[in-house]
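# Coordinate inspection notes
This is what each chain is made of:
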Amino acid sequence: MSTTTSSTTGTAEVELAIGGMTCASCAARIEKKLNRMEGVEATVNYATEKARVFHAEDVSVDDLIATVVATGYTAEPPAPAEAAPAGAQEGRPAGEGDELLTLRQRLVTAVTLAVPVVLLAMVPALQFEYWQWLSLTLTAPVVTYAAWPFHRAAFTNARHGAATMDTLISVGTSAAFLWSVWALFLGDAGMPGMTHSFDLTVTRGSGAENIYLEAAAGVTAFILAGRYFEARSKRKAGAALRALMELGAKEVTVLRGGREERIPVSGLAVGDRFLVRPGEKIATDGTVVEGSSAVDASMLTGESVPVEVGVGDAVTGATLNAGGRLVVEATRVGSDTQLARMAKLVEDAQNGKAAAQRLADRISAVFVPVVIVLALATLGFWLATGAGATAAFTAAVAVLIIACPCALGLATPTALMVGTGRGAQLGILIKGPEVLETTRKADTVLLDKTGTVTTGRMTLLAVRTADGVSETDTLRLAGALEHASEHPIARAVAAGAAERVGTLPVPEDFADLPGLGVQGVVEGHAVLVGREKLLSEWAMGLPAGLREAKDAAEAAGRTAVVVAWDGEARAVLEVADAVKDTSAEAVRRLRALGLTPVLLTGDNKAVAEAVAAEVGIDEVIAEVLPQDKVDVVKRLQAEGRSVAMVGDGVNDAAALAQADLGLAMGTGTDAAIEAGDLTLVRGDLRTAADAIRLARRTLGTIKANLFWAFAYNVAALPLAAAGLLNPMIAGAAMAFSSVFVVGNSLRLRGFRPTG
């Protein structure tokens, strides 16, 4: 739980843990009460059992809690992260395990006792002389102990003048049990040798000789089973978030006063320097100040190749030091770290609600009283038509039981939780449920070039040599000289040379010539590497073949670096921001989803068109300033397009916010990540297609769940009112609808990235 304040709006945000909710109607009631408070805007989620509240500064958290308590539920104020119970730190309420255990105990009791009761009622051959009294003995603990949560919730709600789904369950099972008790003690049902057959339909009669203990026990067992599996599904759906939080290190070796001190990670402060030994997790986000190593970030980003880091490089908390000893200076701690922000994005998405879910909540809030009225009307109708008390009572109880819309309340949150949880495992963070609808509508995707389609760093792409000149010799000499320079282009040449030829020689002499290049002596050769102007100063020119290579490279938007040694131009090196290996495949996948890709960049048109041609993009918008990117998005939207935008830089943030759907590369800047609707933790553009596929599938699951829940209630209520459903069968069907919704949502856990 957390509290944040906005100085610009004068509002604060708080997240409360809500207790006592048993269905979506409970959430709707709490939300309605909170929203009636002046300056309060609240969203209550039944699945996560949390309330996210934006409130004016003159409204205290105690006031919010008092309102929830007055509504008949409990609420816990936000606690500091370091004081939070262990369970809460793992992404779940501390008492959730105990709650699940108690629910399982009630379920075991109900099933154990209800099975013989149902069998006795259904199989006439098992009905011995006093079977009905054994059924009463077995049913009593079921409708009292096992069903107690329903009765307690119904009583609490009744005290506050409300009726929820628990009211339906409590009234329905109590009515069946009390009717049976009356029939046994005051009617003819208690007579020795009494038998009755099990039938799916209602038979007419006085009712004095019939008992419905199997309905009371069976319905309770079925509904408890549904509740238990719902609770388990919530635990499973939150597993990704818990796993995310458990990635972080628990302790850290901090350097203070020249001494090493082992402390909990929560004790770190910005500016602290801490030691990371080989095999240890990096405790928090920071900058390397001593040492070099390879860092394995696969647990956080999914990247399989360790990243080499040295002094001055940024490192991320929860990643693994796979190489040497590092000393890191903390730059972010606690909730500011990338890991914490990732977890917050997942949790925020799970706490949100799509428009369809708000509709479902509003319907469920009025559904219960309507159903109770319908049950009374059913009872009155059957009595008035002379069908008899049995038919009237049975039909009314069936209406009460079949109407429970638990599936309606679970339709959106379970799918959303599982979908966002699966996304987190794949490095896809869905910021909010309203994003889902947009992914379905998007038809155009704007792709930023630098850092999104390309790597965002200079790379040696090609070596063009003069006749008779070896590429290996060129790279050895040029790479050795450039290795001594700090220029980005020089570093690109040196890295490319080292990758292709291995260890580079050490220059015997070196001089940096600002604006021109470098010169020096390598293995006895006088070497020049840099711009063509550098050769001119030494009275050297480019031969025709190299001239053509240089012109072609510059026409393609690449930087041409000339290499000469021993008084003669020998080669042209082509350096540019390289296209990522996966970008062309990503563009194909986006097209397959019905999206038209457009390359959007501030670079010159020649560079942009060369990159677009390489990855298969037909439409290019180049040489645009950051504010122009926003105008481009607006223009496309004015043309009737639904625009998705993929970017990673500060200059993309405004466009990401303006786009209908913003996808931020997690390897990019904080501004871009905050502005995006979806965050792609890895720098692989293919993840954008996977993110859209996952979001669309999650939306489809929500719609399927809502359709099932609505269709089920609409179809089943008339059947129950018409007396065509036994109450126990009605209860089984109702419980199955909830299990169906949960099971359908859990199918999202099987989502796999393409390829």
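Residues numbered from 1 in each chain as written. Predicted model: local features only at pLDDT ≥ 70, side-chain atom pairs only at ≥ 80, totals over all residues. Heavy atoms only, no water.

Moving on: the sheet that holds strand 24 (residues 619-621). Strands sit in the order 15-27-26-25-16-23-24 across an open sheet of seven strands; the sheet is mixed. Each edge of the sheet is formed by a strand with only one pairing partner; in this case those strands are strand 15 (428-430) and strand 24. Averaged over neighbouring strand pairs, the angle between their axes works out to 20° when direction is ignored. Relative to strand 26 (residues 661-665), strand 25 (residues 643-647) is paired through four bridges, and the arrangement is parallel. Counterpart to G647 in the pairing with strand 26 is A664. This element, helix 22 (residues 605-615), spans strand 23 (596-600) and strand 24 of the sheet and lies at about 150° to strand 24. (Pairing = 2+ DSSP bridges. Helix = DSSP H or I, 4+ residues; strand = E, 2+ residues; numbered from the N terminus. Axes fitted to C-alpha atoms, helices over the stretch in contact; angles between N-to-C directions. Contact = heavy atoms within 4.5 Å.)

Here the focus is the side chain of H151. Following the sequence through the fold, H151 ends up in helix 6 (residues 148-159). Exposure remark for H151: the relative accessible area of 15% places this residue in the buried category. In contact with H151, other than residues within four places in its own chain, are V143, T144, S170, T173 and S174. (Buried < 20%, exposed > 50% of the residue type's maximum accessible area, 1.4 Å probe, protein only.)

On to the sheet that holds strand 18 (residues 509-513), then. Hydrogen bonds between backbone groups are what pair the strands of a sheet, and the pairing can be parallel or antiparallel. Strand order in this open sheet of six strands is 17-22-21-20-19-18, and the pairing throughout is antiparallel. Edge positions in the open sheet fall to strand 17 (454-465) and strand 18, since each of these has one partner strand only. Along the sheet, successive strands turn relative to each other by an average axial angle of 20°, direction set aside.

It is at 5 Å that the axes of helix 5 (residues 131-146) and helix 6 come closest, and there the two elements cross at 45°. If you check the angle between helix 5 and helix 6, you find them oblique. Contacts between helix 5 and helix 6 pair V143, T144, Y145 and A146 from the former with W148, P149 and H151 from the latter. When the residues that make up the contact of helix 5 with helix 6 are grouped by side-chain class, the tally is five nonpolar, two polar and no charged. (Parallel < 35°, antiparallel > 145°, perpendicular 65-115°, else oblique. Nonpolar A, V, L, I, M, F, W, Y, C, P; charged D, E, K, R; others polar.)

Let us now look at unusual backbone geometry. In the Ramachandran plot, A318 falls in the positive-phi region, its phi being about 80° despite a non-glycine side chain. Its place among the elements puts A318 in the loop between strand 12 (314-315) and strand 13 (320-321). Looking at A318, the relative accessible area reads 1%, which means it is buried. Phi at E523 is positive, roughly 50°, even though this residue is not glycine. Checked against the element boundaries, E523 lands in the loop between strand 19 (517-522) and strand 20 (525-530). The partly exposed category is assigned to E523, whose relative accessible area is 40%.

Taken as a whole and judged by the stated rule, the model has 20 salt bridges. Note that R589 and E585 form a salt bridge whose closest N and O atoms lie 3.1 Å from each other. Placement of the pair is R589 and E585 together in helix 21 (residues 583-592), with a separation of four residues, close to one helical turn. Judged by relative accessible area, R589 falls into the buried class, the value being 13%. Overall, the relative accessible area of 27% leaves E585 in the partly exposed class. One salt-bridge network, in which partners are shared between bridges, spans E251, R262 and E280. (Salt bridge = Lys/Arg side-chain N within 4 Å of Asp/Glu carboxyl O.)

The next thing to look at is a negative patch on the surface. On the surface, a cluster of negative charge is made up of E38, E57, D58, D62 and D63. Residue placement: D58 occurs in the loop between strand 4 (50-56) and helix 2 (61-70). Classification of D58 as exposed rests on a relative accessible area of 68%. (Patch = residues over 30% accessible without salt bridge, like charges linked within 9 Å, V, L, I, M, F, W, Y side chains within 5 Å. Areas by Shrake-Rupley, 256 points an atom, 1.4 Å probe, with all protein chains shown as cover. Lys, Arg positive; Asp, Glu negative; His and termini not counted. Charge placed at Lys NZ, Arg CZ, Asp CG, Glu CD.)

With that out of the way, let us pick up helix 5. Taking 1.5 Å per residue as the helical rise, helix 5 with its 16 residues ought to reach 22 Å, and the 22 Å between its terminal C-alpha atoms agrees with that figure. In the structure, helix 5 departs most strongly from a straight axis at T139, where the bend amounts to approximately 25° and where the proline P141 lies between one and four residues downstream. Buried within helix 5 we find W131, Q132, S135, L136, L138, T139, V142, V143 and A146. (Expected span 1.5 Å × (residues − 1). Bend = angle between axes of the 7 residues up to and from the residue.)

For helix 2, the set of buried residues is L64, I65, T67 and V68. What you see down the axis of helix 2 is that its buried residues fit within an arc of 155°, all on one side. Turned more than 90 degrees from where helix 2 packs its buried face, D62 and A70 sit exposed. Backbone geometry just after helix 2 places G72 at a positive phi near 110°. (Arc of directions from axis to C-beta.)

Looking at chain direction, strand 19 and strand 20 are connected through six bridges and run antiparallel. Note that in strand 20 the partner of G520 across the bridge is V527. Here strand 19 folds back onto strand 20, and the loop between the two strands holds two residues, one of which, E523, carries a positive phi near 50°. With four bridges connecting them, strand 20 and strand 21 (residues 559-565) associate as antiparallel partners. Along strand 21, the bridge assignment pairs L528 with A564.

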